[in-house]
Structures are given as structure tokens and as C-alpha cells.
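Residue strings, one per chain:
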Amino acid sequence: MATPLPGANFEGNPPAPPQPPGTDMTGICFRDQLWLNSYPLDRNLIFDYFALSPFYDWTCNNEQLRLRSIHPLDLSHLSKMTGTEYMLNEVVEPNLFVIRKQKRDSPEKVNPMLTYYILDGSIYQAPQLCNVFAARVGRALYHISKAFSTAASKLEKIGYVEEGEGVISESKVTKEVIDIKEVKRIDHILASIQRKLPPAPPPPRFPDGYVPPQTTEAEKGSETQQGTESQPPAVDPIIDQGPSKRMKF
């Protein structure tokens, strides 16, 4: 009686192939040092080494070519098939190999899915571009937020002395010191500027045929009474005030 293969069922059938790897496997790395010590890393054997990793999809078209004793990266056969396949995109022997996973719909139409790279014998999954942008933006926002927090904490300490330095903290309210010489100098500057300004233009004339409104005797009496109580200034209240008057010390 034949001994069943490891992982096979009781009927002696071969074990089922492993499930396709997940999409996001950027957190793991694969390296087989025993294989690296036995075989060189070149474009002819790199796919056999990649097939040992958990990133390899056993349902791809490359695996079908391997079962038919055809090189798994033979483009003349892969272009005639449809489905998932792996392509060797870039090669810098023996340090760097870039393998792209793509879905082929026709000999000319392919849709890239994922990218893997083998750097000095270690296999990694390259992150997607959207994840790279999200990580870079998140890192930038973190540093910007930290800079604003640091700046805010520095601004809050302006005018204060930290405790434990042996210096008495100053009061928040500081008395304003008035310099008499500075006040006189500002008055002199304002007066010289006012003398250089042209005089105020005369008020516009009334149009021809304009008749002022008639007022009754009662209104005239009230107006004269209000005029005696408070007489308005005869000059412009803004322009003809002369130099500003300040308190003399």
C-alpha cells in the first residue's frame, strides 16, 4: 500500500495548492539563506527563488508554464494566456530584482496589481502609491502639529520666569512710562505736517433756483433759543483744530 503524501487526504490525492496571498503583505519579509548558499541570484533562477516565498500565487500562469517544463518568464507563452502572471520588470544582478504582478486580459492589455522587489536576497512587497502618500502626509502633519505646539508653549512663557530659577516672576500688568521729550517731538512733527497740507476747499454752492425751506415763528424761536444755549463752532471740527493739545508736564 502506497504511503499517502504529506497533507494529502485518505484517498491518496495530492494536497490542495495554498490559497492566493493577501493584498497587503508589506509587513513581512522572506529570505532563504540555504537556497542562497546553493544557487546564484540571476535572471534565470530568480523566479524559482521567488516561488518559495509566501508572496507567490500558485494559481498564476507562470506556474502552469513550470508544470509544462517551460521557463515561467517566457513572454511568448505568457502573452497568449489570460489571468494572473508575474513579470520581471527590472534587473540589477545580483543585488536587485523587481517583479510585477499583473492581470492579463489580452496580448496587449495588462493591468498592474502589485510589485515585489528582491534586495540582496530578501524579498519584500512594495507599498502602494496611495499608502506612501498617506504615510508621508501623516508624518508631515505630525511634525507641523508638534511645531505649532512647541511655538505655542514658548509664546505662553513670554513675560514669565519658570519656577525654581530663584528669580521673582514679573507682573502681567506693566506701568506705561511717558517720555515728555518724545511727546513734544511728536507734537512738532504733527504741526509741521499740518502746515504743509493745503487749506480745506470751500463748500459747494447751491444750484440755481434753490429755495431754502420756510420756517415758522415757533421754529425760529426754538432755533434761536438752542443757538444761545450751545453755539456750533465756526470752523471745521477736523481740519482746523490746529496742533493737538496734550497735557503739559
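Source: prediction; values computed, not measured.

(A) Focus on the environment of I28. Here I28 lies in the segment before α1 (33-38). When its relative accessible area of 37% is taken as the criterion, I28 is described as partly exposed. Sequence separation between I28 and Y124 is 96 residues, and the spatial gap between their C-alpha atoms is 7.1 Å. Those residues within four positions of I28 in sequence are excluded, and the remaining contacts are P54, F55 and I123.

(B) Representation of the nonpolar core. Membership of the largest hydrophobic core comes to 21 residues, with the highest contact counts inside it found for Y49, F50, Y86 and I118. Residue assignment for this core shows that the elements contributing at least two residues are α1, α2 (46-50), β2 (96-104) and β3 (110-119). Counting residues in hydrophobic clusters, the runner-up holds five residues, among them L65, L78, M81 and M87.

(C) Layout of the side chain of E85. Inspection of the secondary structure puts E85 in strand β1 (residues 83-92). In this structure the side chain of E85 is engaged in a polar contact, spanning 2.7 Å, whose partner is the side chain of Q102. In this structure the side chain of E85 is engaged in a polar contact, spanning 2.9 Å, whose partner is the side chain of R104. Setting aside residues up to four positions removed in sequence, E85 forms contacts with C60, N61, N62, L78, R100, K101, Q102, R104 and V110.

(D) Looking closely at the pairing of β2. Pairing of β1 with β2 involves nine bridges; the strand directions are antiparallel. Within β2, the residue paired with E85 across the bridge is Q102. With nine bridges joining them, β2 and β3 adopt antiparallel strand pairing. Residue pairing across strands places K101 opposite L114, the latter belonging to β3.

(E) View of a nonpolar patch on the surface. On the surface, V137, L141, I144 and F148 cluster together into a nonpolar patch covering about 430 Å² of accessible area. The topology assignment puts L141 in helix α5 (residues 129-156).

(F) Just the pattern of salt bridges, in detail. Within the structure shown, the criterion is met by five salt bridges. Close ionic contact of R66 with E63 constitutes a salt bridge, the shortest N to O distance being 3.5 Å. In this pair, R66 and E63 both sit in helix α3 (residues 61-67), three residues apart, roughly one turn of the helix. According to the relative accessible area criterion, R66 is partly exposed, its value standing at 29%. The buried category is assigned to E63, whose relative accessible area is 10%. In this structure, R104 engages E85 in a salt bridge whose closest nitrogen and oxygen atoms are separated by 2.9 Å. Of this pair, R104 sits in strand β2 while E85 is found in strand β1, placing the two residues 19 residues apart along the sequence.

(G) Fine view of unusual backbone geometry. Look at the link from E93 to P94: it is a cis peptide, with omega at -5 degrees. Unusually for a residue other than glycine, S69 sits at a positive phi of about 60 degrees. When you line up the elements, S69 lands in the loop between α3 and α4 (75-78). Its identity is not glycine, yet D120 carries a phi of approximately 55 degrees, on the positive side. As for its position among the elements, D120 is in the loop between β3 and β4 (122-125). Using a relative accessible area of 44% as the deciding quantity, one classes D120 as partly exposed.

(H) Highlighting the sheet that holds β1. With antiparallel pairing, the four strands of this open sheet are ordered in space as β1-β2-β3-β4. With partners counted over all chains shown, the strands left at the sheet margins are β1 and β4, one partner each. The mean angle between the axes of side-by-side strands here comes to 25 degrees, regardless of whether they run parallel or antiparallel.

(I) Molecular detail of the environment of I118. The residue I118 is located in strand β3 in this model. Sequence separation between I118 and Y49 is 69 residues, and the spatial gap between their C-alpha atoms is 9.7 Å. If we ignore the near neighbours within four places in the chain, the residues touching I118 are I46, Y49, F50, N95, L96, F97, I99 and I123.

(J) How the structure looks around the environment of I46. Along the polypeptide, I46 turns up in helix α2. Sequence separation between I46 and I99 is 53 residues; the distance between their C-alpha atoms is 9.6 Å.

Analysis parameters
Residues numbered from 1 in each chain as written. Predicted model: local features only at pLDDT ≥ 70, side-chain atom pairs only at ≥ 80, totals over all residues. Heavy atoms only, no water. Helix = DSSP H or I, 4+ residues; strand = E, 2+ residues; numbered from the N terminus. Buried < 20%, exposed > 50% of the residue type's maximum accessible area, 1.4 Å probe, protein only. Contact = heavy atoms within 4.5 Å. Core = buried A, V, L, I, M, F, W, Y, C linked by side-chain atoms within 4.5 Å. Polar contact = N/O pair within 3.5 Å; in protein donor to acceptor, adjacent residues only side chain to side chain. Pairing = 2+ DSSP bridges. Patch = residues over 30% accessible without salt bridge, like charges linked within 9 Å, V, L, I, M, F, W, Y side chains within 5 Å. Areas by Shrake-Rupley, 256 points an atom, 1.4 Å probe, with all protein chains shown as cover. Salt bridge = Lys/Arg side-chain N within 4 Å of Asp/Glu carboxyl O. Axes fitted to C-alpha atoms, helices over the stretch in contact; angles between N-to-C directions.

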